[in-house]
Amino acid sequence: MSVYDQRPWLKHYGEGRPREIEVEHPSMLAAFDRTVARFADKPAIVYFDTPISFGELDELTDALAGGLRSEGFAAGDRLAVCLQNVPQFLIAMLATWKAGGIMVSVSPMLKHRELAAQLTDSGARALITFESLWREVARDVVGETEVAIRITTSELDFLDQPPAQLAGSRRDRDPETLDLVELIDAHRGVERRPASPPLTLGDVAFLTYTSGTTGPSKGAMNTHGNVLFTASVYREWFELDEHDVVFALAPLFHITGLIGHLSVATLVGMPVVMNHRFDPDGSLELIERHGATFTIGAITAFIALMNAGSASDRDLTRLTKIASGGAPIAPATLEAWETRFGAYIHNIYGLTETTSPSHWVPLGKRAPVDPDSGALSVGVPVFNTDVRVVGDDGDDLPPGEIGEFVTSGPQVVPGYWNKPEETEHAIPGGALHTGDVGLMDADGWFYLVDRKKDQINVSGYKVWPRDVEDALYGHSAVREVAVVGVPDDYRGETVKAFVSLKPGESATSDELIAFCKQRMAAYKYPRQIEFVDELPKTASGKVLRRELRDRQS
Ligand code: AMP
C-alpha cells in the first residue's frame, strides 16, 4: 500500500471536522431552491450598494428562463456568458439551469479570434454580453458561430444609484440584440417555473475554458456533482453560513469566482458583494461597508489591495476567512497582509479541471514552508480527495520527492467538451494529471514547486522560477515579479526577472541582482532584470510567464 492511500494529511483537518462529506442536493438548482425557501428576503447579491434578495433572484431567473425558452433555447443547449462581476452573471447562471441548459463561462478579456473559438467549440446557442463588448468584439464573430439568441446588458442595470466608478459607462444598445432586462420584464410572472427534465448530478453545469497558460483552451465540463461538491467544500472548510458575506474579488467567469463566490453563496444563502471590475480602493470600501467576512482571489489582487491609497484608512476586521489560489504565494506577502490587516491568507490550490480546490490550508492552520525549496505549502487534499505524487514512470514517489500531482476525487471533471483524446490523455481513468510538479512531505503537506514547463535549465542545473521570485519579494521596493528562462549562448538558458516596483520606491538592476546573489546559489540568481509597470496576466490574475518568455524570442 502506498503512503498516499493512508491519507497522512487527514490529521490536519482539525478536531470535530468531517473527513468526508456528501452532497445533499440532486443539482445546484435544487440547492438554490432550498436556499430561496429558507432565505427569500435575504440579499443574494449586493451590487455596489444595491441589494437583490433571493426571492427576487428566483423571480428574475424564472422570467429569464422563460424568455430564453421562448427564443428557442432548449434543454442541453449552451448559453455563453461574457461579463464582468455584475448581477446578470448569477441571473444568467441560474436561468440557464432553469431552462435545462449549460452555462459557458467566457472571459470578457477575449479578443475576436479567442471568443470565436470558444463560441464555436461549445456550440453555444445563446450569448449574454455587455453592450460594449458586443460592439467591440462579439458582433463581428457571432456570424461564424451557432449563436442565434443574442442578448446584451449593461453594468448600469440593477442599480438604484450609479456609483462614481461607473461614471464613464454609457448605454449603447445595438437594435440587433435583445436587452436582458426587457426580456426578463416581458416574461415576469408568465411562467412560474419552466418545465425541463430535472437536472441530475451528472449533468454539465459549466463549460469552463482552461486558462491557456499552457496550450490551446479546452472546455472543462464541470458537472452539477462537481460544483455541488466543491461548493460544499468551501462551506465546510471555511465554516460558511447565511451569516457570512462574500466579496467577489476573483473574476466571476473563472472557476474560482464561479465556485468560491457564486456557487457557495447559492448553497449557503449568503450575499455576494460585486463591483463590476476590480478596483483596489473601491473594493476596500465595499468590503468594509458591507462587512465582508470571506473572500478569495489571486495573490496579485491582495497585493493591489495592500498597496491601495486608502488601505491604511480601512477597517477589515470582519474579513477573517481569506483564501488565495491560482498562483504561487510568497511567504513574505502573507506576512505583509497579516501585519497590515490582521488576518491570515490561506493558500488554496486547484485547477479548472478540479472545479476549484483540490488542496487547501485548513481554517486556523498555517501553511508550512518547505525548507529546501522555500515553497509555501498549498495545503492538504480536501475531503474525499486522493492525490499522489508520481515520477516519470507513473509510479508513486515517496514523501519528499518531486513529481507530478495526480488527483482523483468528486471535483475532477469527467472530461473536456467534445475532446475524447485530450480527456483520455489528461484524465485517464478519472485521475487528473495536473502538469504541476511538487512534493508531499512526511507530514502530509503538499508543496508545488512549479509547472513542468516553467522550469529553467541553466547548464543542466534546474531553476524553479518561484524560488527566485520569492527571493525578490523579500526586497522592500518590489511590488510584483515574474521570472522566466531566456536563451543564453553559453548556458542554454539564463534567469531573467521582470519586476514592477511599489509606488514611490526605487531600485536598480544591479541592486536587485546583488540582493539575490546574496540569497541563492550562483546558478540561480537572475542575470537580467527588466522593469515593467505591470506584468501581463490572465484575467484571473495569473502571471503569463509564457508571454514574457515569448517577448525574448
Ligand atoms: P486554472 O485552471 O486557471 O485554475 O489554473 C490552474 C493552475 O494554477 C494550476 O495547475 C497551478 O499551476 C496554478 N495554481 C493554482 N493554485 C495555485 C497555488 N495555490 N499556488 C501555486 N499555483 C497554483
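Residues numbered from 1 in each chain as written. Predicted model: local features only at pLDDT ≥ 70, side-chain atom pairs only at ≥ 80, totals over all residues. Heavy atoms only, no water.

Overview of helix α7 (residues 224–237)
Our working rule: For the purposes of this entry, the term helix denotes a DSSP run of H or I that reaches at least four residues, the term strand denotes a run of E that reaches at least two, and both are numbered from the N terminus. Residue count minus one, scaled by 1.5 Å, sets the expected span of a helix. The cut-offs for exposure are 20% and 50% of the maximum accessible area for each residue type, with area from a 1.4 Å probe on protein chains only; residues under the lower value are buried, those over the upper are exposed, and the others partly exposed.
A rise of 1.5 Å per residue sets the reference length of α7, with its 14 residues, at 20 Å; its end C-alpha atoms lie 19 Å apart and thus fit the reference within 8%. The element α7 is largely enclosed, with a buried count of 13 among its 14 residues. Following α7 by one or two positions, Glu239 has its phi on the positive side, about 50°.

What about the packing of helix α1 (residues 28–39) against helix α8 (residues 255–268)?
Definition in use: In this description, a line fitted to the C-alpha atoms serves as the axis of each element, helices being fitted only across the stretch in contact, and the angle between N-to-C directions of two axes falls anywhere from 0 to 180 degrees. Angle categories: roughly parallel below 35 degrees, roughly antiparallel above 145, roughly perpendicular from 65 to 115, and oblique for all the rest. A contact between two residues is defined here by any heavy atoms of the two lying within 4.5 Å. Each residue gets one of three labels, nonpolar for Ala, Val, Leu, Ile, Met, Phe, Trp, Tyr, Cys and Pro, charged for Asp, Glu, Lys and Arg, and polar for the others, Gly among them.
Contact pair α1 / α8: the axes reach a minimum separation of 7 Å and the direction vectors enclose 50°. Considered as vectors, α1 and α8 are oriented oblique to each other. From α1, Met28, Ala31, Phe32, Thr35 and Phe39 reach across to α8, where they touch Ser263, Thr266, Leu267 and Val268. Partitioning the contact of α1 with α8 into residue classes produces six nonpolar, three polar and no charged.

Focus on the packing of aromatic side chains
What counts, and what does not: Only centres within 6.5 Å qualify two rings of Phe, Tyr or Trp (six-membered ring in Trp) as a pair; their planes then separate them into stacked at under 30 degrees, edge-to-face at over 60, and tilted for everything else. Working rule: Lys NZ or Arg CZ, within 6 Å of ring centre, within 35 degrees of ring normal, means a charge sits over the ring.
Under the counting rule described, the total for this entry stands at 16 aromatic pairs. For the pair Phe302 and Trp337, a centre-to-centre distance of 5.2 Å together with 85° between the ring planes defines the contact as edge-to-face. In this pair, Phe302 sits in helix α10 (residues 299–306) while Trp337 sits in helix α11 (residues 331–341), placing the two residues 35 residues apart along the sequence. Each member of the pair, Phe302 as well as Trp337, is classed as buried. Counting every residue linked through ring pairs, the aromatic cluster contains Tyr13, Tyr234, Trp237, Phe238, Phe294, Trp360 and Phe383. In this structure, Lys42 is placed above the aromatic ring of Phe39, and the distance from its NZ or CZ to the ring centre is 5.6 Å.

Notes on the nonpolar core
The tendency in soluble globular proteins is for nonpolar side chains to be buried side by side. Threshold: Remark: nonpolar core denotes a set of buried residues (Ala, Val, Leu, Ile, Met, Phe, Trp, Tyr, Cys) joined through side-chain atoms within 4.5 Å.
Ranked by size, the top nonpolar core spans 179 residues in total, and within it Leu57 and Trp337 carry the most contacts. Setting aside anything within four residues of it in sequence, one finds Leu57 in contact with Phe32, Ala44, Ile45, Ile52, Leu90, Ile91 and Leu94. In this structure, Ala482, Val484, Phe498 and Val532 belong to the second largest nonpolar core, which totals seven residues.

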